[in-house]
Amino acid sequence: MSTVALITGAASGIGAAVARRLSAGGVKCVLVDRDGEGVERLGKEVDGAWLAADVSEEQASIEAVALAEQRYGRLDLVHLNAGVSGRVDLADFDVERYRQVVGVNVDGVVFGVRASVPLLARSGGGAIVATSSLAGLVAFSGDPVYTMTKHAVVGLVRALAEPLAAQNIRIGAVCPGFTDTPLVAAAREMFVNAGFPLLTADDVAAAVESAFYAETPGTLLIVQPGRQPVPYRYAGVPGPAGGQRPPRAD
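Residues numbered from 1 in each chain as written. Predicted model: local features only at pLDDT ≥ 70, side-chain atom pairs only at ≥ 80, totals over all residues. Heavy atoms only, no water.

> Where do I start with the overall build of the chain in this structure?
Each helix and strand in the chain was counted, giving seven helices and eight strands. Taking 2.2 N^0.38 as the reference for a compact globule, 250 residues should give roughly 18 Å; the C-alpha atoms of the chain span a radius of gyration of 19 Å, in line with that estimate. If one aligns the C-alpha atoms of the chain with their principal axes, the spans along those axes are about 60 × 45 × 40 Å. A total of 250 residues make up the chain; the buried ones form 48% of that total. For the chain, contacts bridging at least 24 residues in sequence account for 63% of all contacts bridging at least 6. As displayed, the chain has an accessible area near 13000 Å², and 51% of this comes from carbon and sulfur atoms. One finds the centroid of the 21 positive side-chain charges in the chain at a distance of 7 Å from the centroid of its 26 negative side-chain charges. (Helix = DSSP H or I, 4+ residues; strand = E, 2+ residues; numbered from the N terminus. Rg over C-alpha atoms; globule rule 2.2 N^0.38 Å. Buried < 20%, exposed > 50% of the residue type's maximum accessible area, 1.4 Å probe, protein only. Contact = heavy atoms within 4.5 Å. Areas by Shrake-Rupley, 256 points an atom, 1.4 Å probe, with all protein chains shown as cover. Lys, Arg positive; Asp, Glu negative; His and termini not counted. Charge placed at Lys NZ, Arg CZ, Asp CG, Glu CD.)

Okay, structure coming up:
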């Protein structure tokens, strides 16, 4: 029985690289992207199923999961990758742009998890990996709203890790640095001229595949050029002052 994966933001960049990598290993892929021509082209290339839809709309995730069940009868892996850069100027605020960024980067992940968990559970369990960013772990002042959305993705992954593990579903995230994809195309020349190394989409795709099989629920994989992906570790939060220590078991 073939493994089945659902990938959002699949028409280009990291999502396309993940689709090609998984399909080369025999995984059946269901691809979602609002770029209808691009997602159809890749769907045919990897011999998968595809859906032209905007993940900021809840119905897109519902239809994508239904397509996976109709076409392949199961779902094992979910890569919630769709994302857009923020570029929201708080001094000259464009509320429509703000809603678009939050809709894709946050709502798309929430809707994707909500829609996919029942079929993952019926298939015996599986794994969800969301694409966050280093901006989900540090304060990236160059794009505050994007940074906010990627922190939200990390928070969701961490909070869902334990309850989903009880259903035999692992959830984690990849947190890549700047990656040579259409998302950073406008700034690519600046990075190159500054001698700043960029990740390739294939670099991140390899990390996504690793994250699917991470043993620890809630794993956040940092992906940087020239380094092996490493899990991010948060420092512990101090408890209340003067609090009582819990009784010892012995």
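> I tried to follow the sheet that holds strand β1 (residues 4–8) on my own but got confused; where do I start?
By way of backbone hydrogen bonds, the strands of a sheet pair with one another, either parallel or antiparallel. With mixed pairing, eight strands are arranged side by side in an open sheet as β3-β2-β1-β4-β5-β6-β7-β8. At either end of the open sheet lies a strand with only one pairing partner, and these are β3 (49–52) and β8 (230–231). For β1 and strand β2 (residues 28–33), the ladder comprises five bridges, and the chain directions are parallel. Of the residues in β2, the one forming a bridge with Leu6 is Val30. Relative to β3, helix α3 (residues 58–72) is tilted by about 160°, and along the sheet it contacts β1, β2 and β3. Sheet strands touched by helix α4 (residues 95–122): β4 (77–80), β5 (126–131) and β6 (169–176). Its angle to β5, the strand with the most contacts, is close to 170°. (Pairing = 2+ DSSP bridges. Axes fitted to C-alpha atoms, helices over the stretch in contact; angles between N-to-C directions.)

> Got a minute to help me understand the pattern of salt bridges in this structure?
Pairing between side chains becomes possible if they bear opposite charge and their charged atoms approach one another. All told, the structure shown has seven salt bridges when counted by the stated rule. As a salt-bridge pair, Glu209 and Arg21 come within 2.6 Å of each other at their nearest N and O atoms. Note that Glu209 is positioned in helix α7 (residues 201–212) and Arg21 in helix α1 (residues 13–24), a separation of 188 residues in sequence. A relative accessible area of 27% places Glu209 in the partly exposed class. Look at Arg21 and you get partly exposed, because its relative accessible area is 38%. In this structure, Arg114 engages Glu58 in a salt bridge whose closest nitrogen and oxygen atoms are separated by 2.8 Å. Placement of the pair is Arg114 in helix α4 and Glu58 in helix α3, with a sequence separation of 56 residues. Given a relative accessible area of 58%, Arg114 falls into the exposed group. Note on Glu58: relative accessible area 33%, which makes it partly exposed. (Salt bridge = Lys/Arg side-chain N within 4 Å of Asp/Glu carboxyl O.)

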